[in-house]
Amino acid sequence: TSLPDYYRVWLDLANNLTHLIESHTLRDLVHKMPVLSPDFLIDHRELRLAHLVLGFISMGYVWQEGQHAPAQILPKALALPYWLVSRRLGLPPILTYADSVLANWKLKDPTGNMDLIVSFPGGESCRGFFMVSLLVEMAASSGITGALEVMHAIKTSDLSGIQKGLVKVTQSLKKMKETFKLMHKVVCGLNCFRWRDNPMLPRGLLYEGVSNEPILLSGGSAAQSSTIQCFDALLCIQHEDETGSFLTRMREYMPPAHRQLIETLSVCPSLRDFILSHSSSDLCQAYKSCVSALVDLRNYHLNTVAKYVVVPGNHARAMGCPLRGVGTALNETGTGGSSLMVFLKSVRNTTQKALILERPSASKETEM
């Protein structure tokens, strides 16, 4: 939560971001900022915090005046250090899910209660959105452990180990869904910014001192969650066409180690083929239960998005989170630039198809 005193101006802006956006004074203060070198950021935690605060400040700067008047140029005092920090982390210079959710929490007290480090206008709804997203990720941790256990068990043909790992993943997915239900208690309405494919930034954003041409990047999106893509890779759920391309592109917005884990799971021996080659009804049922839990989670997510993003978007009202006036077209487009409902239904439907677990018939093999 702290950086060397040299970077105090960054933390001062981030800690007062809501007020500065609402009072329309953030841009003026950014214009007065010195260009600081990131060379005094020593370890990974400091780099992640710097990326977090520079990301929030940049978003606030661009969208301070609402969706109809975004800044087209990010000043050098923000753009250059943000670019350099991003290069060291292997992340793009934009606010990602790994920033706003995974790296954006602190302990409020010794009992374990948590709070955000940085937030946008929107009060408790905005805070609740980010906090529930974090809690869902925490609920996924045991599932990632289970996925790794499955991966290792396949290599030794350990049927019992595979089944136990799948049970862990299933339990984790169910816990994620239950945790996600907290969204209804803390969020009363939500409109989020989008970046790539935003008609107000058709060519992207010019990073002063970095490039002479605008750079086109995608805004933060739950599609940048590495946990769900890990589960897809484990269960051999392969999304195709535009959906698959979009999800693959979202990996560029994940921390490199997360990206590597997904790729490792993707190239491991196929769990689905392994189950098909062994006549174990218990193993088959464990796999189907796991896929069903993922379908249930995606269904719940789809319905929640319809309630909190699509419906408010249809009213074209600014709800104030994370930035007032931004994202009124979210009934059509998601924060990462995806066609929202089409995308969510596509990933759900592809996951459902994985429930059909059977070998191709001899006739079909002949035809192929």
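Quantities reported herein were computed from a predicted structural model and do not represent experimental measurements. (Residues numbered from 1 in each chain as written. Predicted model: local features only at pLDDT ≥ 70, side-chain atom pairs only at ≥ 80, totals over all residues. Heavy atoms only, no water.)

(A) Quick look at the overall build of the protein chain. When helices and strands are counted, the protein chain shows 16 helices and four strands. Here the protein chain, with 368 residues, has 54% of them falling under the buried criterion. Considering only contacts within the protein chain whose residues lie at least 6 apart along the sequence, 78% involve residues at least 24 apart. Surface exposure of the protein chain reaches about 16800 Å², of which carbon and sulfur atoms provide 52%. (Helix = DSSP H or I, 4+ residues; strand = E, 2+ residues; numbered from the N terminus. Buried < 20%, exposed > 50% of the residue type's maximum accessible area, 1.4 Å probe, protein only. Contact = heavy atoms within 4.5 Å. Areas by Shrake-Rupley, 256 points an atom, 1.4 Å probe, with all protein chains shown as cover.)

(B) Spatial organisation of the nonpolar core. If you look at the biggest cluster of nonpolar residues, it comprises 66 residues, and the most contacted ones within it are Trp10, Leu74 and Phe120. Per-element accounting of this core gives the leading share, twelve residues, to helix α4 (residues 44–63). Both domains that meet at this core, namely domain 1 (5–107) and domain 2 (123–193 + 222–356), each give it at least three residues. Counting 45 residues, the second largest nonpolar core, distinct from the first, contains Met151, Ile262, Leu283 and Leu294. (Core = buried A, V, L, I, M, F, W, Y, C linked by side-chain atoms within 4.5 Å. Domains from an automatic or database assignment.)

(C) Summary view of the pattern of salt bridges. Per the counting criterion, the structure on display carries seven salt bridges. Salt-bridge contacts for Arg8 lead to Asp5; the nearest nitrogen and oxygen are separated by 3.4 Å. Classification of Asp5 as exposed rests on a relative accessible area of 59%. Measuring nitrogen to oxygen at the nearest pair gives 3.8 Å for the salt bridge that ties Glu124 to Arg127. Separated by three residues within a single helix, Glu124 and Arg127 lie in helix α7 (residues 123–155), roughly one turn from each other. Among the charged side chains, a salt-bridge network with shared partners connects Asp115, Glu124 and Arg127. (Salt bridge = Lys/Arg side-chain N within 4 Å of Asp/Glu carboxyl O.)

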